[in-house]
Amino acid sequence: MPARTWVPPGPYDLHRTLGVLRRGPGDPAFAVRGDEVWRACRTPDGPGTLRLAARPADGHVAATAWGPGAEWLLEHLPALLGRATTRRRSPPGTASSTRRAAATPASGSPAPAWSWSR
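In this numbering scheme, every chain counts its residues from 1 along its sequence in written order. Local features in a predicted model are, by the rule used here, given only for residues with pLDDT of at least 70; side-chain atom pairs are given and counted only at 80 or more, and totals for whole chains, interfaces and linings are based on all residues. With hydrogens and water stripped out, all remaining heavy atoms of the structure feed into the side-chain values.

1. Observations concerning the nonpolar core
Next, step 1: Remark: nonpolar core denotes a set of buried residues (Ala, Val, Leu, Ile, Met, Phe, Trp, Tyr, Cys) joined through side-chain atoms within 4.5 Å. Three exposure classes are used, based on accessible area relative to the maximum for each residue type with a 1.4 Å probe and protein chains only: buried under 20%, partly exposed in between, and exposed over 50%. Within the largest apolar cluster, 17 residues are counted, with the highest numbers of intra-cluster contacts made by Leu14, Leu18, Leu50, Leu52, Leu77 and Leu81.
Next, step 2: Labels follow the DSSP assignment, with helices taken as runs of H or I lasting at least four residues and strands as runs of E lasting at least two, numbered in each case from the N terminus. Secondary-structure elements contributing two or more residues to this core are α1 (14-18), β3 (36-43), β4 (46-55), β5 (60-66) and α2 (70-75).
Next, step 3: A contact between two residues is defined here by any heavy atoms of the two lying within 4.5 Å. In contact with Leu52, not counting residues within four places along its chain, are Leu14, Leu18, Asp35, Glu36, Val37, Val61, Ala62, Ala63, Leu77, Leu80 and Leu81.

Next comes the structure, spelled out in structure tokens:
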């Protein structure tokens, strides 16, 4: 079973960071057991299970992974924990960069065309 340690740049709350990935209290792919977070997911290499343990006294997060996707999960650990090396932005001309506000009677501008969403 491959393992990796990640050192956050400062104070870090593992539960608050990963809690947004949980799909309700009965999510079978996400479990919290004390200071550990368990997550099952699909990767390009196949399914994988990841155990993350916060170690505040040592100042790091310990990760252990199982399954065909184990190496992929550990390789992408910093991105999962919020420390991606690059920030992604919407390319020019995509939906998020071309949306316009709805027309108001005072402005006289035409209503936006939402054809990009079809």
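2. Considering the sheet that holds strand β1 (residues 3-6)
Next, step 1: Two strands are counted as paired when DSSP detects at least two bridges linking them. Ordered by their spatial adjacency, five strands build an open sheet running β1-β5-β4-β3-β2, and the pairing between neighbours is antiparallel. Each having just a single partner strand, β1 and β2 (30-33) make up the two edges of the open sheet. Along the sheet, successive strands turn relative to each other by an average axial angle of 20 degrees, direction set aside.
Next, step 2: When β4 meets β5, the two strands line up antiparallel, connected through seven bridges. Paired with Leu50 across the two strands is Ala65, which belongs to β5. Simply put, an axis is a line fit to the C-alpha atoms, just over the touching stretch for a helix, and the angle between two N-to-C directions goes from 0 to 180 degrees.

3. Digging into the environment of Thr17
Next, step 1: On the secondary structure map, Thr17 appears in helix α1.
Next, step 2: On a C-alpha basis, the gap between Thr17 and Leu80 in space is 8.9 Å, while along the polypeptide they are 63 residues apart.
Next, step 3: Among the polar contacts listed, one links the side chain of Thr17 to the backbone oxygen of Asp13, at a separation of 2.9 Å. Here a polar contact means two N or O atoms within 3.5 Å. Within protein one must be a hydrogen donor candidate and the other an acceptor candidate, and residues neighboring in sequence count only if both atoms are side-chain atoms.

4. Comments concerning the environment of Ala54
Next, step 1: Relative to the helices and strands, Ala54 is located in strand β4.
Next, step 2: A relative accessible area of 17% places Ala54 in the buried class.
Next, step 3: Between the alpha carbons of Ala54 and Trp6 there is a distance of 9.7 Å; along the sequence they are 48 residues apart.
Next, step 4: Setting aside residues up to four positions removed in sequence, Ala54 forms contacts with Leu14, Asp35 and His60.

5. Topic: the confidence of the model for the chain
Regions with low pLDDT should not have their predicted coordinates read in detail.
Next, step 1: Summary of the metric used: pLDDT quantifies the predictor's per-residue confidence within the range 0 to 100. For the chain, the average pLDDT comes to 79, and 70% of its residues sit at 70 or higher.
Next, step 2: Of all the helices and strands in the chain, helix α4 (residues 95-98) carries the lowest mean pLDDT, 50, while α2 carries the highest, 95.

6. A word on the pairing of β2
The side chains of a regular strand alternate between both faces of the sheet.
Next, step 1: For β2 and β3, the ladder comprises four bridges, and the chain directions are antiparallel. In the strand pairing of β3, Val32 is matched with Val37.
Next, step 2: The turn linking β2 back onto β3 is made up of two residues, and Gly34 within it adopts a positive phi angle of 65 degrees.

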